[in-house]
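# A structural walkthrough
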Amino acid sequence: MTNGHENTDAESLPRVLVSPSAESWAEFAAEQVVDRVTQAIAARGRCLLVLAGGSTPESLYRRLAVADRDRVDWKRVDFFLGDERLVPHDDARSNDAMARRSLLDPLRISATQVHSVDTRGTAGEAAEAYRKMLESTVPGCTSVVPPRFDLLLLGLGSDGHIASLFPGKPALEAVSTWVAPSPPGELPPPVDRVTLTFPAINAARSVLMLVTGDSKAHVVARVLQERPAVRECPACGVKPTDGESVWILDPPAAAKLDQHRIKQ
Ligand code: 6PG
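Cut-offs and rules
Residues numbered from 1 in each chain as written. Predicted model: local features only at pLDDT ≥ 70, side-chain atom pairs only at ≥ 80, totals over all residues. Heavy atoms only, no water. Helix = DSSP H or I, 4+ residues; strand = E, 2+ residues; numbered from the N terminus. Rg over C-alpha atoms; globule rule 2.2 N^0.38 Å. Areas by Shrake-Rupley, 256 points an atom, 1.4 Å probe, with all protein chains shown as cover. Lys, Arg positive; Asp, Glu negative; His and termini not counted. Charge placed at Lys NZ, Arg CZ, Asp CG, Glu CD. Buried < 20%, exposed > 50% of the residue type's maximum accessible area, 1.4 Å probe, protein only. Contact = heavy atoms within 4.5 Å. Near = heavy atom within 4 Å. Polar contact = N/O pair within 3.5 Å; in protein donor to acceptor, adjacent residues only side chain to side chain. Pairing = 2+ DSSP bridges. Axes fitted to C-alpha atoms, helices over the stretch in contact; angles between N-to-C directions. Phe/Tyr/Trp six-rings, centres within 6.5 Å; stacked < 30°, edge-to-face > 60°.

## Re the overall build of the protein chain
Within the protein chain, the secondary structure is distributed over seven helices and 10 strands. In terms of C-alpha radius of gyration, the protein chain reaches 17 Å, essentially the compact-globule figure of 18 Å for 264 residues. Counting only C-alpha atoms and orienting by the principal axes, one finds that the protein chain spans roughly 45 × 40 × 35 Å. Carbon and sulfur atoms provide 52% of the accessible area of the protein chain, an area that totals close to 11200 Å². Here the protein chain contributes 30 positively and 34 negatively charged side chains, and the mean placements of these two sets differ by 3 Å.

Pasting the structure below:
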C-alpha cells in the first residue's frame, strides 16, 4: 500500500517549461505545438491533435490561427477533443465552440478534419459514439488498442482534474475504454461531460499540459512536487507509456515550484 502518493521516480515526472513572461505564454506554447505538429506530419504524413477545452488554450489557439497559420500544413491535421460538455455546440460553455471560434474557423479547417462530440443525446450515448469514431478513424485503434494521438493538449483544473477526469469519479478507473461519460465535477460548469480516459491519454506520443495564472500556482506545485494519489488529483495520472509529458507554464503558474523543477 503506498502512502497515497504517486510514484515519484524522476523519469516519470513531466518536463516543465516556463515562458519568459505571462504575456509571452501564448507565443511560447505555440512554438511547442508547431514543433510537434510539424514533426508528426514529417514522420507520418498527418498529425492527430487533441484539443483541450476550458479557457486557458484560447490565447494559444488564436496565436496558432494568426501568427503561425503559415507554419503548418493544417490540411494534414485531424482535430479531436479531449473532453466536451453535454451542451449544444452554440452554447458558450461548449469546448467545440471555443475551438472553432479561436482556431478551426479562422484556419478554415474543413469539416472532414474535425471530430466533434455529438452532444444531442446522453453522456453515455455521446461517449459510445466518440469511441466508435476513434476506432474507425485513428490508425491502429481498436476495441482493445487505444488511440495513439500525436499531440494531446490538456488544461489543469484547480482541483487537479484534467479533461473531464475529476477527483474521485468513476471515469478515473476506466481501463478498457477510450472515452467515458463523466458527471459534473465540483468546478463549473455543472453539466454532464464526455472525456478521454487515461488509457487514451497515456497512449499519446506527446502530452502538453497548458497552465497559466497565479490561481493555478498551488495546484501546479501540488501535482508536480507533492504527487498525491491519482484519485485525489487526476493530473498525477498523466504518464504517457511511450511518449513525453511536458508542462507549459507562465511565471505566475510556476511561482510555487522549486526552481530545480524548471527546465529552460
Ligand atoms: C473542461 C476542460 C477542463 C479544463 C480545466 C482548466 O471542459 O472544463 O477540458 O479540463 O481544461 O478545467 O480550465 P481553464 O483553462 O478554464 O482554467
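## Observations regarding the environment of Arg 222
Turning to its location among the elements, Arg 222 is positioned in helix α6 (residues 217–226). Overall, Arg 222 belongs to the partly exposed group, its relative accessible area being 24%. Separated by 134 residues in the primary sequence, Arg 222 and Pro 88 place their C-alpha atoms 34 Å from one another. With near-sequence residues (within four places) excluded, Arg 222 lies in contact with Arg 227, Pro 228, Glu 232 and Cys 233.

## Focus on the site of the ligand
Residues in contact with the ligand amount to 15 residues; listed here are only the nearest, Ser 55, Thr 56, Asp 83, Ala 163 and Lys 216. Note that an oxygen atom of the ligand is positioned 2.8 Å from one of the side-chain N or O atoms of Arg 85. Contacts to the ligand include His 161, whose side-chain N or O atom sits 2.8 Å from an oxygen atom. When the ligand is considered free in solution it has 410 Å² of accessible area, and contact with the protein chains removes 88% of it.

## Side note on the sheet that holds strand β6 (residues 151–155)
The parallel open sheet is built from seven strands, whose spatial order is β1-β10-β9-β6-β2-β3-β5. If you trace the sheet from one side to the other, it starts and ends with β1 (15–18) and β5 (114–115), each paired once. In terms of strand pairing, strand β2 (residues 47–51) meets strand β3 (residues 77–81) through five bridges, oriented parallel. Looking across to β3, one finds that Cys 47 is bridged to Val 77.

## What about the sheet that holds strand β4 (residues 83–85)?
The three strands are arranged β4-β8-β7 in an open sheet whose pairing can be described as antiparallel. The open sheet has two edge strands with one neighbour each: β4 and β7 (179–182). Adjacent strand axes in the sheet meet at a mean angle of 20°, parallel and antiparallel pairs treated alike. For β7 and strand β8 (residues 193–196), the ladder comprises four bridges, and the chain directions are antiparallel. Across the sheet, Val 179 pairs through a bridge with Leu 196, a residue of β8. Strands β7 and β8 of the sheet are contacted by helix α4 (residues 123–137), whose axis makes an angle of about 165° with β7.

## Here's the deal with the packing of aromatic side chains
With the rule as written, the count across this model stands at two aromatic pairs. Between Trp 74 and Phe 79, the aromatic rings sit 6.3 Å apart at their centres with planes inclined by 20°, giving stacked as the arrangement. Residue Trp 74 shares its accessibility class with Phe 79, and that shared class is buried.

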